[in-house]
Amino acid sequence: MFKEIAKGMAFTLKQMLSKPITLQWPEEQKPSPPRHRGRHILHRYDNGLEKCIGCELCAAACPVGCIYVGSAENDPAHPVSPGERYAERYEINLMRCIYCGYCAEACPTEAITLGPRYELADYRRERLVATKEDLLEAWPGFEKSLADNPRGAGADQREQAGRAPGVSPRVAWEDREGAVGQAGRGSPAAGQEGLAPHVPTVATPPKRNPG
Amino acid sequence: MTAALPPATPPPTGEPDEYARARETLGVPSHLEAIELTQIDDDTMELNMGPMHPSTHGVLRLVVNLDGEVVREMRPDIGFLHTGFERSFESHTYQQCIPFTDRMDYLAPPINNLGFSLAVEKLLGIEVPLRGQYIRVIMAELARIGSHLIWFGTHALDLGATTPFLYAWREREKILDINELVSGVRMMTSFIRVGGLMADVPDEFSPMVEDVIHTYPGFIDDYELLITKNPIWLERTRGTGVISVEDALSYGVSGPTLRGSGVPYDLRKAQPYSSYDHFEFDVPIGSHGDVYDRYLVRMQEMRESVRIIKQAFENLPDGPVNTLDRKVALPPRNEINTSMESLIHHFKLVTEGFRTPRGHVYAAVESPRGELGFYLVSDGSNRPYRCKVRAPSFSNLCALPYMCRGELIADVVAVIGSIDIVLGDVDR
Amino acid sequence: MTAAPPPGDGQVGLVIDGREVRVPKGTLLLDAASEVGIHIPIYCAHPKMDPVAVCRMCLVQVEKLPKLQPACATVVSEGMVVDTQSDATAKAREGMLEFLLLNHPLDCPVCDRGGECDLQDFAFRYGPDTSRFPITEKVHFDKAVPLSDKIELDQERCILCWRCVRYYDEITGEKEIVLQQRGVHTAVATFDGQPLRSDYQGNLPEICPVGALTHRQYRFKARPWDLIRTKGVCPECSYGCNVFVDSRDFEVKRFASRDNPMVDDMWLCDRGRYSATSWNSTSRLRRPLVRDAAGGVRDVGVADAVKEAARRLLAVSERGGGEVIGVLGSPDCTNEEAWLLQRLAREVLRTPHIDHQLAEMLRLGPAEHALGIAEIESCTAVVVLGPEPEVNAPVLTLRLHKAATKRGVAVHRVAANAEPRDITARVGDARLVGVVADETNRARAAAVASALAGGGTAVKRMTVTRGGNGRGVKDMGLLPDLAPGYRPAVPAGMGGRAILESATSGSIQALLLLHAGGVLAGLGALVESALRIAKVVVVIDTKPGVLADAATVLIPGHSLMEKQGSVTNLEGRVQRIRAALPPATSVPSELRVLSMLAGALGAEGWGSGDLMEVHRALAADVPAYAAAGNGGRARWEVAAA
């Protein structure tokens, strides 16, 4: 009997001396692998145009129907995305989403991906329906801001920042923290001549004159 | 045993049954009538265990009829986790069903994915390339180890051993990390798809699997050191919850619970799927059919799983992981932007999915809990007409009252732990 | 395999994929195959058009013939053995699809047709799964070319099936679309670059097998998997075209044609088709209101509104009898509503003054719509009096064109006031003559019909009614002189205009108006003064306007997209409509409101106004409707008229 207990205790003591594997979250963050399926991100091209063309394949592929896409026609003078079609509304119900990644697989333009952000709790249901402006990456320099703030903008910060149309909460968060200057915002970035200085994320293009 | 107890005394005559009075005032919904607590005319008592009980491993309610401390009868009440997945399958395309299967037996999602995929692939008559099959095996066996680790930790915890629980979860973390690496999600991986995999494994996969192969046998030794010959453990588990071979077979018990009774029935050997016949491994069996033997079988199974992973990993062939049938598998992403045919196939597969021939198939895999079978009926459309899941947890749970009969109430916890049920799997 | 010997009954026996088929002589192979449920992919073939066999998609193997045959243009012959699943057929299909996809742009994600596109479907089902040609060598054409304010053309997506060109040649006869250039540069365009002027352009995107022709109205509005499809009937005119009401987010996104060979023959007019989005108007009445004598307005619940309406109606009728109440329905009512309204008026309110419009139409009879729409094709000659019938029921034009070009019917379009004598001379000898006239031209149509009749010539009349359910409300007796089923009403009351005039003069003191907003719109002073002077104005309507402003009791109604019931088209075909949208108001259906009103007025045994209950009572009252069921024509005993 004592032998068994001694053996067990010896093993336990051995474990006590080894390095703990626990992580001091949230101070310490676990790095996410590249395929991590966290909260969705809507991407842009380098010139600021949205990759999303509003084709709704993501909505069709979604097994739980948590994606709503309302498309509209691009105004050729001020396109939101390349081509004829763009997503006027893009909403994901994050409460219903099961993070299966089918939307990202379905997307023909790689506009939607599931990102590294996984801390999605919030106190209000309404805020868990992510709108297009919540999901769109800031323009330009999303990767940079991501590196500075790997957690992304929390939902609680989003409220403080207010929802300026077309400004991702991520940008607002960084402005507040002063972590990343948004040099490109408000004035045409290099190589962006001819484009609208700021691409509106939610806009109704004027009806084109037929004929 | 009952004979040793004092004779039962009938309730005083003329006194209204207090339960009847309570029923009258509170009202019992008719659907609970079958399971309601009743005062029986002898000195037994009905004990309600669960659905919120830490040792029922989920939302399982057990109505236990006790004669002193001895279990006389037991009625499991299930359905608290009923999700209607089988019904949901009918309104989703085959590929969309995969995430649902994850959530049935949520301790071993890849094996659920695999079972469903095999059924659909059988229906379609397609074969997954060898690399895909081997990676499926690796993921399935990792899931089996992960599931057994949870069983080990919680089972031991139920019987009073706190430390193994923490160790088991620490080791399972590595498996979850592999899940996260290959699929992006730690638990609900949806990694195994109809026609292959979500994607090929990334480069970091190799060192992580090698780590598992090298370290896990040692970890399992450590667990056994702590538990296997522990006198308390032996006392609690030996001779408890015995089920004979005949009874186990007639109850439809499968998996380690059946093998603990001494039946060497393992689907990986009995009807090898996904190239399991390429690997050398043993099917551990017990001889007494008690909790302890089931424990030994599972511990040994983990070692065998490591053995399978080692073989599959070392012989992992090159090549594609998905079926080459473009009418089933999504075309490569780079082709979507250059090939009209690929774009159309992508569009149709994503929005409508493939159609299967009419017919019905049954495909079963060996899940950590036993025979997990998917019976699919297809009407030729792009979604199942009917899907029935033969869930091992359900069949094993059916044998629980039998196993517990005559045991002490405290041992019920041990027996529940030893059949290793997942309520998501029971209720679906 | 051998087919049975010819029995000589005009039927031909053949074997398709091992299945024996017997079809009438002259049947096309494609139709014979679909008879036994064998699917053959088609692009250029169209069930309503003659075959051209240009797309080569339907090539099938026929035994003893050296080359594959186009199923859409091959007439079956005795003993034919056809294989639609052979390797050669599969290879031909794959090859054709590869050609079609060669220059097709990678537009699926942005194309409106994506998800309901024949090119996608067949490419997925029969086509190759990889490309052999580099994307850089695709030939490019113009994209998003507006052909008119309704239709957009994407030349790149076109697979040159000719359907649109043939549609204009065969179906409308307008010849507005042509193919220009040659070879790989062939493209669809309008003749001379003119915008399309046809009234039937909306059919083009529907016959187009790909996304080359699309609706501007529906552009990027929804995907097929977003849409909830409801079977409905176009409410725009009384022709009764069958449509699918496709809705998303509780808005009607489009009307799609639902082929009914007896009515629309799958063609819709632009007026009807593009009226779809008009049902999404948010300018709607939503809550019941009660206005007191001083002009004060109270928001009330529907029960209180009904009680208040009953109290006020009773107050005026107690003093002056039922005759002081005028009841107006409209062609926007369903049959059930119309029937219940006239019952309420005649049995409970005890007023004979009931109508559904202003123009006086006395002594109507079922003989006026004896001619069925499809029957036009079997007439010897058809006389159309004036342009109004075709203006008010535009799809009639296509039926007349079909009758004239494909069935050899002599179509005489004459002036609305043409002399019967001249018409008889023009028509000459004929077996069956159809006389088509607008309902405002009844007298002339009757004269023409009687002039034509006799001497071996049978005459059938078609009268184009106004409003969606113009025929139904007449059948249901929303007329001053006729009860349901064209039975004479005793006593006869005043017509719509007379009711309004009497309200102005004070002899009518109360008005009950059900969906009358459309009928009374634009009448100005007459309506305004009638509404001002009448003591009680009970309005059940959908939209705000003069009526809602003047109503003393206002109860919101459901629009035609929000309710169930039946409507009757101009030939007397009773067709069911279903709710495609949720109601814009929480007020229960008109049937329930009318039943509540009857109950509040003291009537007994009215039930709850359940649709089926009302419909059963209606069918019991009007046996012709019971026999018609859903989709059949109400057969009247014409002799009685």
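For clarity, every value in this text was computed on a predicted model and none was experimentally measured. (Residues numbered from 1 in each chain as written. Chains lettered and ligands numbered in written order. Predicted model: local features only at pLDDT ≥ 70, side-chain atom pairs only at ≥ 80, totals over all residues.)

Hey, could you go over the pairing of strand β20 (residues 432-438) of chain C for me, with residue numbers and the actual values?
Residues and elements named next belong to chain C. For β20, the tally of buried residues reaches six of seven residues, placing the bulk of the element in the interior. Taken together, the four bridges between strand β18 (residues 381-385) and β20 define a ladder with parallel strand orientation. Looking at β20, one finds that V382 is bridged to G434. Sheet topology note: the β20/strand β21 (residues 458-464) ladder contains seven bridges and is parallel. Counterpart to G434 in the pairing with β21 is K460. Once the chain exits β20 it traverses helix α12 (residues 442-452) before rejoining the sheet at β21, and the crossover so formed is right-handed. (Buried ≥ 20, exposed ≤ 12 C-beta atoms within 10 Å, placed from the backbone. Helix = DSSP H or I, 4+ residues; strand = E, 2+ residues; numbered from the N terminus. Pairing = 2+ DSSP bridges. Right-handed = clockwise from strand over helix to strand, strands pointing away.)

How would you explain the sheet that holds strand β1 (residues 45-49) of chain B if you had to name every residue and give the values?
Residue and element names in this part refer to chain B. Pairing is antiparallel in the open sheet, where three strands are placed in the order β1-β2-β3. Since the sheet does not close on itself, it has two edges, and those belong to β1 and β3 (70-77), each with one partner. With direction set aside, neighbouring strand axes in the sheet form an average angle of 25°. The pairing of strand β2 (residues 61-67) with β3 spans seven bridges and is antiparallel. Note that in β3 the partner of D67 across the bridge is V70. (Axes fitted to C-alpha atoms, helices over the stretch in contact; angles between N-to-C directions.)

How would you explain the interface of chain A and chain B if you had to name every residue and give the values?
With 23 residues of chain A at the contact, the number on the chain B side is 25 residues. Broken down by secondary-structure element, the contributors of at least two residues to the side of chain A that touches chain B are α1 (2-17), α2 (57-61) and α3 (102-106) of chain A. Here the side of chain A that touches chain B gets five residues from one element, more than from any other, and that element is α1(A). Across the side of chain A that touches chain B, the residue classes tally to 14 nonpolar, four polar and five charged. (Contact = placed C-beta atoms within 7 Å. Nonpolar A, V, L, I, M, F, W, Y, C, P; charged D, E, K, R; others polar.)

Help me get a handle on the domain arrangement of chain B, residues and values and all.
All names here are of chain B. Structurally, chain B comprises domain 1 (2-77) and domain 2 (85-400 + 409-427). Relative to domain 2, the C-alpha centre of domain 1 lies at a distance of 37 Å. Facing twelve residues of domain 1, the contacting portion of domain 2 comprises eleven residues. No other element matches β3, which puts three residues into the side of domain 1 that touches domain 2. Of the residues in the side of domain 1 that touches domain 2, the class split is seven nonpolar, four polar and one charged. (Domains from an automatic or database assignment.)

Run through the nonpolar core, naming residues and quoting values.
Among soluble globular proteins, nonpolar side chains are generally buried collectively. Counting 263 residues, the largest nonpolar core has A:C58, A:C103, C:L30, C:C58, C:V382, C:V383 and C:V435 as the members making the most contacts within it. Those residues within four positions of C:V382 in sequence are excluded, and the remaining contacts are C:I376, C:L400, C:A403, C:V409, C:V411, C:H412, C:G434 and C:V436. By size, the runner-up hydrophobic cluster in this structure holds 71 residues, among which are C:V324, C:L479, C:A503 and C:L520. (Core = buried A, V, L, I, M, F, W, Y, C linked by C-beta atoms within 7 Å.)

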